[in-house]
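# Structure at a glance
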Amino acid sequence: MKLGKFAVSFARDTSLGVLSGVKSALTGSFEWCAKSLSEISETPTVNGTRLGEFLKDAGKSLGEAGIKTEEGLSRAFESTAQAMHTALEALSETESLIQRKVFENISVSSVVGESFAGMITTSEIQASFRLEGKDISPEEVLADWKKSGSKKPILCVPGLFCDEGLWIKNGEPSFSEILIKENYYPFYLRFNPGAHLSENGAKLLELVRKVLEDQELKNQKFDVVTYSQGGLVFRSALYSSQKEGNPLSSNIKKVLFISSPDGGSYIEKVGFWLGLGAEALPVFPVQLVGYIGNQRSEAMKDLSHGIIREEDWKEGSHLGRYGKDKYFGELDEIDAYQIYSFVSEEEGDWSSWIGDGIVEKPSLTLFSDSVFRKKSNPENRVKILKGLSHYQIMPSAELREYFLKIFLGK
């Protein structure tokens, strides 16, 4: 695409340069000839003769031809410039479309990450605040927050395969509409969903720290809602801030974790074991399929265990991480709540394994008793929905009711 744009730009500059040169040469030539013939027709030996009249008329005609030639070449110059400009605009639009569809594709990035096998770039998504479908800086989101007049900032952290559209497009009314109606200002975030959870946690912490430098926001406390893997990303940010000795918990009011896979996801576990088994078979085509299958994003690999710390994916083998600790006290000082769903209406062995269709029950409930219900008002800390899948919980009326009850006492 860059080569195409260069070729069109080169053709434009060359064409316009040639046209400009031709225009200058021709109009100059016509002007010189017209002037010369007019001067000759005025000489004493020719003036008043039929030859003089002929030369005068010829000079006048050449002058008019020069004017028309200049006008015609000017129009050609403008048309060529416009055509080349249109071509460049079309190429830029195509480049932008490819960028959005391929290199900024949330689904591709979620599965493959930033590159395939470290060789082919598949994603250029950067962690950022989002507004009207575009990345914006901390300064821009702060300006928009101040313009809104809202004094209730809320951080919206999406999960795997998601961006800010998760909050804006799901349900009637959407979660975003509920927030705005209650005078919240949603700080929407987007990450490269294929990066390590700890890397996205560090990016989240960096972005939040930047907006907290603002004098007006420094005195405010954020509410937070997270969905799915976004809960692990937020916990990773809390852990990092705690490790730095500057805990983010002092800037947080309430947090709602929606379908957080705190113990990992069996979907990723199954994918790992199938890929590992295929690579181990002494049949090259099957090994190749296993190798390709194991080129999953770093986020998906972390999701196999629910890893939120950098040291846990940097040290040891994939298999060795199954016995790692999952909790590090990051929610001890947080007014935190959780809501999740089960596909089945009834308890049973299969329903425990299937969980919400993406995350198994032991993972969804990992911290229910050990963390959430150990806080004050334990009866309100955990909400369980039945008959809803991982993706059906977001547009559900029950989720909205629980949010309004916990955050606003409605």
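Refer to the structure above for everything that follows.
All figures in this text were calculated on a predicted structure; none of them were measured in a lab. (Residues numbered from 1 in each chain as written. Predicted model: local features only at pLDDT ≥ 70, side-chain atom pairs only at ≥ 80, totals over all residues. Heavy atoms only, no water.)

Structurally, D223 is set in strand β7 (residues 222–227). The side chain of D223 sits in the buried core without any salt bridge; K253 is the nearest counter-charge, 4.7 Å away. Here the side chain of D223 touches Y184 through a polar contact of 3.4 Å, side chain to side chain. Dropping the residues within four chain positions of it, D223 is found in contact with P153, I154, L155, Y184, K253, K254 and F407. (Helix = DSSP H or I, 4+ residues; strand = E, 2+ residues; numbered from the N terminus. Buried < 20%, exposed > 50% of the residue type's maximum accessible area, 1.4 Å probe, protein only. Lys, Arg positive; Asp, Glu negative; His and termini not counted. Salt bridge = Lys/Arg side-chain N within 4 Å of Asp/Glu carboxyl O. Polar contact = N/O pair within 3.5 Å; in protein donor to acceptor, adjacent residues only side chain to side chain. Contact = heavy atoms within 4.5 Å.)

Pairing is mixed across the open sheet formed by eight strands, whose spatial order is β4-β3-β6-β5-β7-β8-β9-β10. Two strands lie at the open edges of the sheet, namely β4 (134–136) and β10 (382–386), each paired on one side alone. Taken over all neighbouring pairs, the strand axes of this sheet differ in orientation by 30 degrees on average, direction set aside. Relative to β10, strand β9 (residues 335–342) runs parallel, the two being bridged by five bridges. Paired with Q338 across the strands is V382, a residue of β10. Sitting on the sheet, helix α7 (residues 197–211) is in contact with β3 (128–131), β5 (152–157), β6 (184–190) and β7, with an inclination near 70 degrees to β3. Contacts from helix α16 (residues 397–408) reach β5, β6, β7, β8 (252–258), β9 and β10, with the element oriented near 160 degrees to β8. (Pairing = 2+ DSSP bridges. Axes fitted to C-alpha atoms, helices over the stretch in contact; angles between N-to-C directions.)

This part is about the environment of K324. Structurally, the position occupied by K324 is in the loop between α13 (310–314) and β9. Separated by 19 residues in the primary sequence, K324 and H305 have C-alpha atoms spaced 8.3 Å apart.

This brings us to the pattern of salt bridges. In this structure the tally under the stated criterion is 16 salt bridges. Residue K210 is joined to E206 by a salt bridge in which the shortest nitrogen-to-oxygen separation is 3.4 Å. Here K210 pairs with E206, and both are found in helix α7, just four residues apart, close to one helical turn. Across the salt bridge formed by E244 and R209, the nearest N and O atoms sit 3.7 Å from each other. Highlighted residues: E244 in helix α9 (residues 229–244) and R209 in helix α7, separated in sequence by 35 residues.

Keep in mind that these numbers describe shape and distance, not what the molecule does.
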